[in-house]
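So the chains spell out like this:
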Amino acid sequence: MRKINRRNFLKAAGILSAAVAGSLMTGCGGSDAGTQAAASNLTPYNELTVGTDHTDLTATIKVINHRTDLIQDGTFDGYVAEFQKLYPNITIEYEGITDYAGDMTTRLTSQEWGDVCMIPTTIPLTELGDYFYPMCDLTAIQEDYNFAANRAYGGKVYGIPSTGNAQGVIYNKHVFEEAGVTSIPKTPTEFLDALQKIRDYDPSIDPLYTNYAAGWTMSAWDAYIGGGAILDRDEPSRVLHRCSTFLLTPETDYEERGFVPNVCFPCATLQDAATGRIALYYGCADSYVGLAFTTVDEVVDYIKAHDNAGPADREPGVR
């Protein structure tokens, strides 16, 4: 039995989240009117002072996370010991889950899952408020925390990431300039052209270095995007035109953030033969279904304008 009322529990959960800043953690919430009313009057996460605020609280809080390794090697015991130096009357229970996304998503449908957890990536941003209470306004911490918007919705932050991935390329500006690369490549073709210029400028310079053997280092460069090509109707193995850039690419929040980030996965199209209008259904970050509209003429014109098909592509054969 917890010796704490609802309002004090939310205070304790907020204190715990503040104490472990840097972990994508949040306290339980939900659509219950009483919980939401109590949470709305709490001190925002960014205004809490750990070790000073609410030191008189008595509670038992269950924390669920995916770091079974840190539990097994005793690291979590150390976290709890340090926390209880500041809050000796708050008892911390914890549990590690191996299949975290699957098991935790199921548990969240119950009111008895625990109190503080790492937010499963399977929870759509629009539903965060159904399971958790907000920690603070996004504007209050976005200048202090990287990736603060990762689990934010409606201007409210529901969790702070423990890690974050920033994709990009580190390049030597001096070498680019000396090789005659005057602008940052924006397409795969431009990128390859820039590498060739570097090779021509100085064969002793490796134009590109990557840990290719690891595999993921190359695949991480690309998002799932939608491309296009025009084939010979009578001999489909002949590629008449192939678009050098994308027709559809992740740009919006629901395309860039979700269960599998940065995914636009075309699934099916509907075409109005009379008008040439096309409706394209596509997967967004493996979490949503998107619907985009265009026309046959618009697609054909765009592919031809960005055509990079060569003579070999127009030869019949297996590709």
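What comes next is a walk through the structure.

What counts and what doesn't
- Residues numbered from 1 in each chain as written.
- Predicted model: local features only at pLDDT ≥ 70, side-chain atom pairs only at ≥ 80, totals over all residues.
- Heavy atoms only, no water.
- Core = buried A, V, L, I, M, F, W, Y, C linked by side-chain atoms within 4.5 Å.
- Buried < 20%, exposed > 50% of the residue type's maximum accessible area, 1.4 Å probe, protein only.
- Helix = DSSP H or I, 4+ residues; strand = E, 2+ residues; numbered from the N terminus.
- 1 Å grid on protein atoms, 1.4 Å probe; cavity = no way out; pocket = protein on both sides within 12 Å on 5 of 7 lines; lining within 4 Å.
- Points joined across faces, edges and corners; volume = space filled by probe spheres on them.
- Nonpolar A, V, L, I, M, F, W, Y, C, P; charged D, E, K, R; others polar.
- Patch = residues over 30% accessible without salt bridge, like charges linked within 9 Å, V, L, I, M, F, W, Y side chains within 5 Å.
- Areas by Shrake-Rupley, 256 points an atom, 1.4 Å probe, with all protein chains shown as cover.
- Salt bridge = Lys/Arg side-chain N within 4 Å of Asp/Glu carboxyl O.
- Phe/Tyr/Trp six-rings, centres within 6.5 Å; stacked < 30°, edge-to-face > 60°.

**A look at the nonpolar core**
And step 1. Core analysis: the largest hydrophobic core is formed by 14 residues, its most contacted members being Ile64, Tyr100, Met104, Trp113, Cys117, Leu128 and Phe132.
And step 2. For this core, the elements supplying multiple residues, two or more each, are α5 (100-107) and β4 (116-118).

**Things to note about empty space enclosed by the protein**
And step 1. Following the criterion strictly, the structure yields 1 cavity of 30 Å³ or more and no others.
And step 2. Thr121, Thr122, Ile123, Pro124, Leu125, Arg151, Arg257, Gly258, Phe259, Ser287 and Tyr288 are the residues that line the largest cavity.
And step 3. Here the lining of the largest cavity is built from residues that sort into 5 nonpolar, 4 polar and 2 charged.

**Side note on unusual backbone geometry**
And step 1. With a phi angle near 60 degrees, phenylalanine 147 is a residue other than glycine that sits in the positive phi range.
And step 2. As for its position among the elements, phenylalanine 147 is in the loop between α7 (138-141) and β6 (151-153).
And step 3. For phenylalanine 147, a relative accessible area of 37% puts it in the partly exposed group.
And step 4. Although it is not a glycine, aspartate 286 sits at a positive phi angle of roughly 55 degrees.
And step 5. In this fold, aspartate 286 is placed in the loop between β11 (277-284) and β12 (288-295).

**Topic: a nonpolar patch on the surface**
And step 1. A cluster of nonpolar side chains, namely Leu270, Tyr281, Val289, Leu291 and Phe293, defines an oily patch on the protein surface of about 510 Å² accessible area.
And step 2. Here the nonpolar patch gets 3 residues from one element, more than from any other, and that element is β12.
And step 3. Mapped onto the elements, phenylalanine 293 comes out in strand β12.

**Side note on the packing of aromatic side chains**
And step 1. The tally for this structure, following the rule as stated, stands at 8 aromatic pairs.
And step 2. The interplanar angle of 80 degrees and the centroid separation of 6.2 Å between the aromatic rings of tryptophan 113 and phenylalanine 132 together place this pair among those described as edge-to-face. Here phenylalanine 132 lies in the loop between α6 (128-131) and β5 (136-137) and tryptophan 113 lies in the loop between α5 and β4, a separation of 19 residues in the sequence. The same class applies to tryptophan 113 and to phenylalanine 132, which are both buried.

It is worth stressing that arrangement in space is one thing and function is another; only the former is reported here.
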